[in-house]
Every structure is written in structure tokens, then in C-alpha cells.
Amino acid sequence: MASRRQLLTSTAAIVGAASSGLWVPAQAQNAKLRVGLMLPYTGTYTQLGVSIDNGFRMALQEAGGKVGGREVEFFKVDDESEPSKGVENANKLVQRDKVDVLIGTVHSGVQMGIHKVARETGVLNIIPNAGMHAATRALCAPNVFRTSFSNGQTTQALGKVMVDKGHKKAVWITWKYAAGDEAGEGFKEGYTAAGGTIVKELGLPFPNVEFQALLTEIASIKPDAVACFFSGGGASKFIRDYAAAGLAGKIPLYGSGFLTEGLLDDELAPSAQGIMTTLHYSASLQTKRNDTFRLAYAKTYKMQPDVYAVQGYDAGLLLLQGAGAVGGDLSNKKALYAAMEGAVIDSPRGKWTMSKAHNPVQDMYLRVVKGKENVVMGVAAKALSDSGVGCKLG
Amino acid sequence: MDLANILIQLLNSVQYGLLLFLLAAGLTLIFGIMGVVNLAHGSFYMLGAYLAYSLTNTWGNLALAVVVGTLISVTIGWLLEKLLFKHFYHRSHLDQVLLTFGLIYLFEELRSMLWGDDVHSVAVPAVLDWSIHLTDTLSYPAYRLFMLVVCSALALGLWLLISQTKLGMKIRAGAFNSDMAQAMGVNIVRLHSLVFAMGVALATLGGMLIAPLSSVYPYMGSQVLIMCFVVVVIGGIGSVRGALIAALLVGLVDTFGKVLLPQFASMLVYVLMALVLLLKPEGLFKQ
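Residues numbered from 1 in each chain as written. Chains lettered and ligands numbered in written order. Predicted model: local features only at pLDDT ≥ 70, side-chain atom pairs only at ≥ 80, totals over all residues.

## Focus: the overall build of chain A
1) Next: A count of helical and extended segments in chain A gives 14 helices and 14 strands.
2) Next: In summary, chain A has a C-alpha radius of gyration of 24 Å against a globular reference of 21 Å for 394 residues, a match within 12%.
3) Next: Its C-alpha atoms give chain A principal-axis dimensions of roughly 100 × 40 × 35 Å.
4) Next: Burial statistics for chain A: of 394 residues in total, 54% are counted as buried.
5) Next: Pairs at least 24 residues apart make up 72% of the contacts formed inside chain A by residues separated by at least 6 positions. (Helix = DSSP H or I, 4+ residues; strand = E, 2+ residues; numbered from the N terminus. Rg over C-alpha atoms; globule rule 2.2 N^0.38 Å. Buried ≥ 20, exposed ≤ 12 C-beta atoms within 10 Å, placed from the backbone. Contact = placed C-beta atoms within 7 Å.)

## A few points about the overall build of chain B
1) Next: When helices and strands are counted, chain B shows eleven helices and two strands.
2) Next: Going residue by residue from the N terminus, the α and β elements of chain B occur as α-α-α-α-β-β-α-α-α-α-α-α-α.
3) Next: Taken over the C-alpha atoms alone, chain B extends approximately 65 × 50 × 35 Å along its principal axes.
4) Next: Excluding contacts between residues fewer than 6 apart, the proportion of contacts in chain B whose partners are at least 24 apart in sequence is 76%.

## Some thoughts on unusual backbone geometry
All names here are of chain A.
1) Next: Gly-104 connects to Thr-105 through a cis peptide bond whose omega is 5°.
2) Next: Here Thr-105 shows up in the loop between strand 3 (101-103) and helix 5 (108-121).
3) Next: Of note, the phi angle at Glu-80 is positive, near 55°, even though the residue is not glycine.
4) Next: On the secondary structure map, Glu-80 appears in the loop between strand 2 (72-78) and helix 4 (86-96).
5) Next: Unlike most non-glycine residues, Ser-81 shows phi in positive territory, near 55°.
6) Next: Topologically, Ser-81 is positioned in the loop between strand 2 and helix 4.
7) Next: Judged by the 23 C-beta atoms lying within 10 Å of it, Ser-81 falls in the buried class.

## Observations regarding helix 2 (residues 41-59) of chain B
1) Next: With 19 residues, helix 2 of chain B ought to run about 27 Å at 1.5 Å a step, and its terminal C-alpha atoms sit 27 Å apart, in line with that.
2) Next: For helix 2 of chain B, a buried count of 15 out of 19 residues is recorded, marking the element as mostly surrounded by other parts of the structure. (Expected span 1.5 Å × (residues − 1).)

## Considerations on the interface of chain B and chain A
1) Next: Opposite the 28 residues of chain B that make contact, chain A presents 35 residues.
2) Next: Looking at the side of chain B that touches chain A, the elements that each hand over two or more residues are helix 1 (3-34), strand 2 (139-141), helix 10 (240-260) and helix 11 (265-279) of chain B.
3) Next: With five residues, the single largest contributor to the side of chain B that touches chain A is helix 1 of chain B.
4) Next: Of the residues in the side of chain B that touches chain A, the class split is twelve nonpolar, 13 polar and three charged. (Nonpolar A, V, L, I, M, F, W, Y, C, P; charged D, E, K, R; others polar.)

## Re the packing of helix 9 (residues 220-235) of chain B against helix 11 of chain B
All names here are of chain B.
1) Next: Closest axis-to-axis distance for the helix 9/helix 11 pair is 9 Å, and the angle between their directions is 25°. Taken together, the axes of helix 9 and helix 11 lie roughly parallel to each other. Both helix 9 and helix 11 take part in a crossing whose hand is left-handed. Contact residues: Val-230, Val-233 and Ile-234 in helix 9; Val-269, Leu-272, Met-273, Val-276 and Leu-277 in helix 11. (Axes fitted to C-alpha atoms, helices over the stretch in contact; angles between N-to-C directions. Parallel < 35°, antiparallel > 145°, perpendicular 65-115°, else oblique. Left-handed = near helix turned anticlockwise from the far one by under 90°.)

## Let's talk about the environment of Ser-178 of chain B
1) Next: Relative to the helices and strands, Ser-178 of chain B resides in helix 7 (residues 178-183).
2) Next: Spatially, the C-alpha atom of Ser-178 of chain B lies 7.9 Å from that of Ile-33 of chain B, the residues being 145 residues apart in sequence.

## Looking at the domain arrangement of chain A
How big an interface is tends to be stated in terms of the accessible area lost upon association of its parts.
1) Next: Structurally, chain A comprises domain 1 (31-149 + 285-354) and domain 2 (153-279).
2) Next: Spacing between the C-alpha centres of domain 1 of chain A and domain 2 of chain A amounts to 30 Å. (Domains from an automatic or database assignment.)

## Comments concerning the environment of Met-354 of chain A
1) Next: In this structure, Met-354 of chain A sits in strand 12 (residues 350-354).
2) Next: Here the alpha-carbon distance between Met-354 of chain A and Phe-75 of chain A, two residues 279 residues apart in the chain, equals 27 Å.

## Looking at helix 11 of chain B
1) Next: With 15 residues, helix 11 of chain B extends 22 Å between its outermost C-alpha atoms, agreeing within 8% with the 21 Å of an ideal straight helix rising 1.5 Å per residue.
2) Next: Restricting attention to buried positions, one finds in helix 11 of chain B the residues Ala-265, Val-269 and Val-276 of chain B. Buried positions in helix 11 of chain B, seen along its axis, are confined to an arc of 85° and lie on one side of it. Along helix 11 of chain B, the residues that are exposed and aim more than 90 degrees away from the buried face are Tyr-270, Val-271, Ala-274 and Leu-278 of chain B.
3) Next: The inward-facing, buried residues of helix 11 of chain B abut strand 7 (197-205) of chain A together with helix 9 and helix 10 of chain B. (Arc of directions from axis to C-beta.)

## Comments concerning the pairing of strand 13 (residues 360-370) of chain A
Residues and elements named next belong to chain A.
1) Next: Inspection of the sheet shows strand 10 (residues 276-279) paired to strand 13 by four bridges, in the antiparallel sense. The partner of Thr-278 across the bridge, within strand 13, is Leu-366.
2) Next: Direction of pairing for strand 12 relative to strand 13: antiparallel, over a ladder of two bridges. By the bridge assignment for strand 13, Thr-353 is matched with Val-361.
3) Next: Hairpin connection from strand 12 to strand 13: five residues lie between these consecutive antiparallel strands, with His-358 at a positive phi of about 75°.
4) Next: Pairing geometry for strand 13 and strand 14 (residues 373-384), over eight bridges, is antiparallel. (Pairing = 2+ DSSP bridges.)

## Examining the sheet that holds strand 3 of chain A
Residue and element names in this part refer to chain A.
1) Next: Strand order in the open sheet formed by five strands is 2-1-3-4-5, and the pairing between neighbours is parallel. Every other strand in the sheet has two partners, leaving strand 2 and strand 5 (144-146) as the edge strands with one partner each. Strand after strand, the sheet turns through a mean of 20° between neighbouring axes, direction not considered.
2) Next: Bridge analysis of strand 3 against strand 4 (residues 124-127) gives three bridges, and the strand direction is parallel.

## Some points on the packing of helix 1 of chain B against helix 9 of chain B
Residues and elements named next belong to chain B.
1) Next: Helix 9 packs onto helix 1 with a crossing angle of 65° between their chain directions and a minimal axis gap of 9 Å. Taken together, the axes of helix 1 and helix 9 lie roughly perpendicular to each other. Read as a crossing pair, helix 1 and helix 9 show a hand that is right-handed. Across the interface between the two elements, Leu-20, Leu-23, Ala-24, Leu-27, Thr-28 and Phe-31 of helix 1 pack against Val-224, Met-227, Cys-228, Val-231, Val-232 and Gly-235 of helix 9.
2) Next: Class assignment for the residues of the contact of helix 1 with helix 9 results in ten nonpolar, two polar and no charged.

## Some remarks on the pairing of strand 11 (residues 344-347) of chain A
All names here are of chain A.
1) Next: Only one face of strand 11 is covered, namely the face carrying Ile-345 and Ser-347; the face carrying Val-344 and Asp-346 is uncovered.
2) Next: Sheet topology note: the strand 11/strand 12 ladder contains four bridges and is antiparallel. Its bridge partner being in strand 12, Ser-347 is matched across the sheet by Gly-350.
3) Next: Between strand 11 and strand 12, which pair antiparallel in sequence order, lie two residues.

This is the structure in C-alpha cells:
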């Protein structure tokens with residue numbers, strides 16, 4: 001009988017000691033690392049979200065499934081690419097699930113919500129796609145890192161390529177929304193610096209796809225070339241309309257790589273031949289690193305990886321490097337951020353580093369559409385860095 | 001801008017305007033006769049485009065796809081009217097908006113399950129896959145001209161149907177005063193089914209015809225729906241003639257606005273709507 005009482009008191013003592021806080025540091029080292037994935041799992045950007053998720057998990061898997069020596073527990077939130085729920089969804093992961101790191105997202109509007117939460121709570125945030133300038137410019141933060149691109153970065157590289165080919169007068173066309181405007185800024189910067197002149201800027205509301213009037217205008221201006229920023233369904237329609245209006249082959253079309261990324265199927269390819277784009281990746285990149293990545297990805301997920309999968313994969317690599325440097329203790333922020341800032345990412349796209357504002361310093365490839373592929377013709381801009389204007393880090 | 005260019009842009013305006021009319025006509029008819037605000041109208045447009053994609057892939061023939069696709073969509077429209085819409089004719093507009101808003105989501109989910117979330121394209125039929133050279137840099141795709149002809153024919157047919165036939169008389173009577181029409185022996189229940197099916201048919205037909213020009217993509221209906229509402233509001237709710245004039249007007253303002261005032265392009269159509277609402281709150285042709 002006495003033994004039972006003894007047992008009860010000793011158990012109570014143990015429970016008391018555990019909850020008194022003395023054991024907590026030891027527990028934090030052994031506890032699973034809580035990784036939050038906030039990505040679009042439904043809606044227009046589903047495919048992008050899935051690719052990023054796949055790529056990220058694959059990077060962790062290749063490292064033995066542990067980050068900084070700790071097991072990983074995933075928490076998923078579908079952000080639906082819905083900007084109005086951005087803050088709420090980010091808080092679900094940060095406040096409710098208490099994640100150590102938040103990976104997300106695709107849509108720039110939603111990213112604004114995540115960014116707000118990241119700045120307020122100080123949670124580590126790795127952006128695997130959204131290219132909004134503010135995140136690594138005026139509103140940059142020590143705890144926010146990007147593994148993709150800035151909106152202006154992909155179009156900035158076009159300028160020199162076009163002028164080198166003798167196209168000195170160009171028309172710029174895009175959707176009038178944040179990403180389109182920022183891509184336009186980047187293009188203007190690169191093109192004018194190379195000595196080109198933008199003779200007219202055309203735009204239409206996002207995601208309007210009635211291009212006919214603007215194509216007629218382009219035909220009457222007769223510029224040396226046209227540069228554009230479109231993506232997804234709108235991009236595929238723009239390419240088709242451009243060809244149907246008889247402009248393809250007469251006035252060369254250039255664009256940010258998202259114009260042709262993942263869209264070249266049997267239907268679109270004939271209209272897209274010869275379109276030149278710049279992007280930080282191409283599926284046809286002939287490097288050993290890219291080959292092994294593509295093979296492993298195809299084996300694991302039974303589908304071909306795209307640029308988004310690479311960005312997700314690199315988000316994983318960056319986290320591994322950072323967490324590895326601090327032995328899995330993500331609360332050691334100073335050392336963690338220093339390690340991530342100094343990281344060299346051995347990516348399928350080629351090695352890249354972090355700018356002071358936490359945006360990739362990376363090569364931009366010049367690609368041309370041949371058949372159903374974006375064939376790499378060379379590097380359009382070596383180690384291109386976003387200006388990071390207005391960021392006071394570093 | 002030289003004369004040739006102005007003429008080409010006029011052609012663009014008319015072509016865009018007629019397509020808008022095709023979509024807005026169904027919306028305005030359903031509202032004018034049944035008093036239903038149908039937010040799911042854009043979903044039928046999307047359904048049409050996806051049907052065109054699936055059916056042309058199966059049979060390799062757009063014409064056949066259009067015929068079968070229209071039959072399928074009219075059946076779906078007829079069923080929806082019988083099972084759902086019928087019960088909402090006398091409910092408040094808020095209830096109708098909630099119902100049809102829910103339908104948008106339902107259709108999007110079904111689309112996602114059946115076709116996935118990818119962007120697809122539909123080939124232009126081989127007979128129409130050529131262009132007419134207009135200037136040394138610009139060609140006009142034959143399919144666009146074909147659309148122009150088809151849309152004009154449909155607009156004319158709709159006008160004849162409504163103004164010249166007995167059925168049209170009943171439709172007009174039903175729109176004017178449905179209780180009185182019923183008292184005079186018009187089978188209003190059947191009339192409602194018919195008009196609803198017609199509206200759905202016009203929307204899906206629009207979606208199928210535009211599929212080869214446009215791409216087929218998720219949420220394509222929502223974007224078009226807003227433009228349709230602008231057309232219906234400008235034209236006067238319930239007026240088919242108003243919808244035609246308004247659609248052409250919107251086509252004109254949108255086309256020339258994009259070219260002449262690119263920085264205000266996204267606003268101009270709505271400015272036009274605001275002006276019309278200010279001067280003629282009932283729209284240009286209130287019935």
C-alpha cells in the first residue's frame with residue numbers, strides 16, 4: 001500500500017520538475033523541428049505549390065530527413081493564393097502551430113501577409129517564389145530570405161541581349177499589376193543601361209487577355225523587338241495571338257522566362273518557336289548537377305521538375321545549411337542568419353549566393369524555344385544581383 | 001494613327017463587342033424574364049471552353065464539339081433550372097446571389113476534379129487556320145473574322161426570334177408582366193425553362209467559340225462575368241437591344257482606350273459605366 005503512495009508522490013515530483021521549466025532547453029534540442037509550409041494547394045497556382053513542396057521535401061530527404069540533426073515535423077496550410085487571408089494563414093502556422101520556420105509562398109499579394117507576420121514575430125521565413133520587390137528592398141528583414149528571384153531580375157537580363165542583337169527600339173507590354181510593373185522596372189533598367197530605347201509601354205489590366213488591339217498597335221509602331229512579362233494562361237494566349245496576328249518571325253519577341261515556362265505543349269509550341277527568354281533556370285540545362293537532380297526528382301515524384309521545384313529544393317538546401325551551422329538550434333538567430341547570408345547554394349540552376357538584402361545573386365540564362373523546349377543558348381547575365389534599393393541590411 | 005490602323009482597330013472593337021454581346025445577352029435575358037441575378041453565368045462560359053477542349057481532343061473536330069457541347073450544356077442548364085433556380089425566382093436578390101455565387105465554387109471544384117488546374121489550348125480548325133495580310137506587319141486571323149460572322153448571325157437570329165416570332169412575343173410579355181402573361185395563357189414555367197436554357201446555351205457557345213482564340217484556364221469565367229455585368233448595366237437590365245449597343249460601346253472604348261490612353265485603360269470601361277449610371281440610371285434601354 002505504501003508503495004503505491006510512494007509511486008504517486010514520486011510521479012508528481014517528476015511531473016512537477018518537468019513543468020517547472022528546468023528540462024525545457026534539453027527538450028528543445030531533441031524535439032522535432034517544426035516546419036510550416038504555406039503554399040497554394042488549390043486554385044490557379046496549385047501546380048506551383050505542389051512543385052515547391054516536392055522540391056523542398058526532396059532536399060531534406062537527400063540530407064537524411066534531418067535538419068541540423070533534428071527530426072522534422074511538417075505543418076501545411078493552403079494559402080489558396082488569396083491575399084485577404086495572408087496574415088490569418090501565416091498566423092495559423094506561427095501562433096497556433098508554433099513553427100520554427102515558415103516556407104512560403106507563390107503569390108506576391110499573399111507574401112505581403114506573410115511578410116507582415118514575419119516582421120512582427122521574427123519567425124524565419126524562406127520565400128520559394130513570390131518576387132515582390134519590397135521583400136528584399138524597402139521592407140527587407142534579417143529573418144526573411146528568398147531562394148527564387150525578384151520580379152525585376154528576370155527581365156533586367158533581357159536588355160543587353162536585345163541590344164547586342166541590334167534591337168535598339170522596343171515596345172514593352174505587360175499586365176498592369178504589381179508583378180508586371182516591377183518586371184517593367186527591371187526591363188527598363190537593363191535595356192536603357194545597354195543603350196536601348198523603349199518606344200512605347202503597353203499594358204492591360206490583370207488578368208485580361210484581349211490582346212488584339214495592342215497587337216495591332218505594335219504592328220503599326222513596327223519596333224525592332226517586343227519585350228513582355230506574362231505568365232500562365234495569359235502567356236500562352238499572348239504567344240498564340242502574337243503568332244496569329246502575323247507578328248511572329250517579323251518582330252522578334254522577348255520575355256521573362258515565365259512566358260514559356262511549363263507551357264510548351266503540342267498546341268502552343270508551333271506559335272512559340274524562336275521566342276527568347278531569360279530565366280535563372282532551364283530544364284534543358286546541361287550540367288551534371290541538373291541531371292542528377294532531374295533524375296532523382298522524376299524517380300521520386302513520377303513527373304518532371306520545373307523551375308518552381310528547383311526553387312523549393314533550394315529553399316530546403318538553404319535551411320539545411322543554416323540549421324546545420326547552429327546544430328539545429330534555430331533560436332540562435334545571429335549565427336543562423338550569418339550562416340544563411342554566407343551560404344553558397346549548390347543548386348540545379350548553378351551555384352548561387354545571397355545578396356545583402358537576402359535575394360539570390362545568380363546567373364540568368366538566355367533560352368530560345370526550339371521544339372517543345374527552352375534551349376539554353378548561354379548566360380545572359382552573370383551573377384546578377386537585385387539592386388536591393390532601400391534595404392539597410394548588411 | 002493612320003486611317004488603315006483606325007479601321008483595323010474598329011474591326012477589333014466590333015469583334016470584341018459582339019463576343020461580349022453573346023455572353024451578356026443570356027445574362028440580361030435571364031435577369032429580365034426571371035428576375036434572377038445569375039453570377040454562375042461565367043461558369044457556363046468556362047464549361048463551354050473546357051467542353052470544347054475535351055471534345056475536340058476526342059474527335060478532332062470543333063464543329064462537332066460545338067454541337068454536342070451545346071447539347072450537354074443545355075441539358076445541364078435545364079436540370080439546374082428545374083432543381084435549383086426555379087425555387088429562387090421569387091426569393092430576394094441576396095438569396096439568388098448567394099446561390100449562384102456558391103455555384104461558381106461548385107463549378108470550379110468540378111472543373112478541378114475533371115480537368116485539373118492546368119492551362120490548355122484548343123487548335124483552330126484547319127479550314128480556318130490562315131490569315132489575311134492587312135499591312136506588311138499585320139495579318140488578321142481568319143478565325144477572328146469567322147467569329148465576327150457567327151456572332152453577327154447569332155445577334156441577328158436572337159433579334160428575329162424576340163421581335164418577329166410568337167415565342168418572342170411570349171418572352172417579351174413574360175418580361176413585361178409575367179402574372180398577366182400567365183393569365184393570358186402563356187405557360188410561364190415552360191417559358192422560364194426555355195429562356196434559361198437559351199441563356200446557358202449562349203454562354204457555353206461563347207466559351208466554345210473563343211476556346212481556339214483564347215486559352216482554356218481555371219477561373220476564366222469570373223473575369224468575363226464582370227465585363228458582362230458592365231454591359232448589362234450600361235444597356236439596361238433585361239434589354240437585349242441595349243446589351244448589343246452596350247457591348248459594341250464597351251468594345252470600342254476598351255480597344256481604343258488601350259491604345260490611346262494605356263495608363264487609364266483598365267479604368268475607362270468603368271468610367272463609361274459610371275457616366276451612363278449618372279445620366280441614365282436605368283441604363284440606355286431600360287425595358
